[in-house]
Amino acid sequence: MTLLTLQPGGHTADVPPGTSLLDAIRSAGGALAGKCGGEAQCGACHVFVTEGRKGLSRLTSAENARLDTMVGVGSKSRLACQATLSGSEPVTVELLGALSG
Ligand code: FES
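Starting afresh in each chain, residues are numbered from 1 along the sequence in its written order. Per-residue local features of the predicted model are confined to residues with pLDDT of at least 70, and side-chain atom pairs are confined, for both listing and counting, to 80 or more; whole-chain, interface and lining totals are unaffected and use all residues.

1. Topic: the overall build of the chain
Moving on, step 1. Runs of E in the DSSP output that reach at least two residues are strands. Runs of H or I that reach at least four are helices, and both are numbered from the N terminus. Helices and strands together make up the secondary structure of the chain, namely two helices and five strands.
Moving on, step 2. Put simply, the radius of gyration uses C-alpha atoms, and a globule should come to 2.2 Å times the residue count raised to 0.38. A compact globule built from 101 residues would reach a C-alpha radius of gyration of about 13 Å, and the chain, at 12 Å, matches this within 12%.
Moving on, step 3. Considering only C-alpha atoms, the chain reaches an extent of 30 × 30 × 25 Å along its principal axes.
Moving on, step 4. Remark: residues whose backbone-derived C-beta atoms lie within 7 Å of one another are considered to be in contact. Partitioning the intrachain contacts of the chain with sequence separation of at least 6 by distance along the chain shows that 68% fall at a separation of at least 24.

Next up, the structure:
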């Protein structure tokens, strides 16, 4: 199992390797809206990965292309619907205004 921690709030979930980051965030109680069904189209699942970036799958070309069109994107940016947890290390993500407390 892989430990996912959400910030702000510090909510956590233990999820099996191979779980999408979007599903893992929802398991931890994060209210993250995915509006395109996980197709890397809407950008609504944009998060910052603050720790454990190596514990996630690599960026896909679709994810990279979508991130290129968005504002507020940085080196820690991922689309949660495109990233999966590999299980190699715990992951901490910062939700961008979607979760309070
Ligand atoms: S759910 Fe639409 S880009 Fe991730």
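Read on for the rest.
2. Re the sheet that holds strand 4 (residues 77-79)
Moving on, step 1. Strand order across the open sheet formed by five strands is 2-1-5-3-4, with mixed pairing between neighbours. Because the sheet does not close on itself, it has two edges, and the strands there are strand 2 (12-15) and strand 4. Taking each pair of neighbouring strands and ignoring which way they run, the sheet shows an average axis angle of 35°.
Moving on, step 2. By this definition, two strands are paired if DSSP reports at least two bridges between them. Where strand 1 (residues 2-7) lies against strand 2, four bridges are found, and the strand directions are antiparallel. When the sheet's bridge partners are listed, Leu 3 is paired in strand 2 with Asp 14. Lines fitted to the C-alpha atoms define the axes, with helices restricted to the stretch that makes contact. Angles between their N-to-C directions range from 0 to 180 degrees.

3. Let's talk about the pairing of strand 3 (residues 46-51)
Moving on, step 1. Bridge count between strand 3 and strand 4: three bridges; the pairing is antiparallel. Counted as the bridge partner of Val 47 is Arg 78 from strand 4.
Moving on, step 2. Alignment of strand 3 against strand 5 (residues 91-95), held across four bridges, turns out to be antiparallel. Residue Val 49 lies in a different strand from strand 5, and its bridge partner there is Val 93.

4. As for the nonpolar core
Moving on, step 1. Ranked by internal contacts, the top residues of the largest apolar core, which has 21 residues, are Leu 21, Ile 25 and Ala 80.
Moving on, step 2. At the level of secondary structure, the elements contributing two or more residues to this core comprise strand 1, helix 1 (21-27), strand 3 and strand 5.
Moving on, step 3. Broken down by element, this core gets its largest block of residues, four residues, from helix 1.
Moving on, step 4. Here Ile 25 is in contact with Leu 6, Gly 30, Leu 32, Ala 80 and Val 93, once residues within four sequence places are set aside. To count as a nonpolar core, a set of buried Ala, Val, Leu, Ile, Met, Phe, Trp, Tyr and Cys residues must be joined through C-beta atoms within 7 Å. In this scheme every C-beta is placed from the backbone, and a residue whose C-beta has 20 or more other C-beta atoms within 10 Å is buried, one with 12 or fewer is exposed, and one in between is partly exposed.

5. Quick word on unusual backbone geometry
Moving on, step 1. For the bond from Gln 7 to Pro 8, the omega torsion is -5°, close enough to zero to count as cis.
Moving on, step 2. Relative to the elements of secondary structure, Pro 8 occurs in the loop between strand 1 and strand 2.
Moving on, step 3. Unusually for a residue other than glycine, Ala 40 sits at a positive phi of about 60°.
Moving on, step 4. By secondary structure assignment, the location of Ala 40 is in the loop between helix 1 and strand 3.
Moving on, step 5. The class for Ala 40 is partly exposed, based on 18 C-beta atoms found within 10 Å.

6. Comments concerning the environment of Gly 43
Moving on, step 1. Tracing the chain through its elements places Gly 43 in the loop between helix 1 and strand 3.
Moving on, step 2. Spatially, the C-alpha atoms of Gly 43 and Asn 64 are 11 Å apart, while their sequence positions differ by 21 residues.

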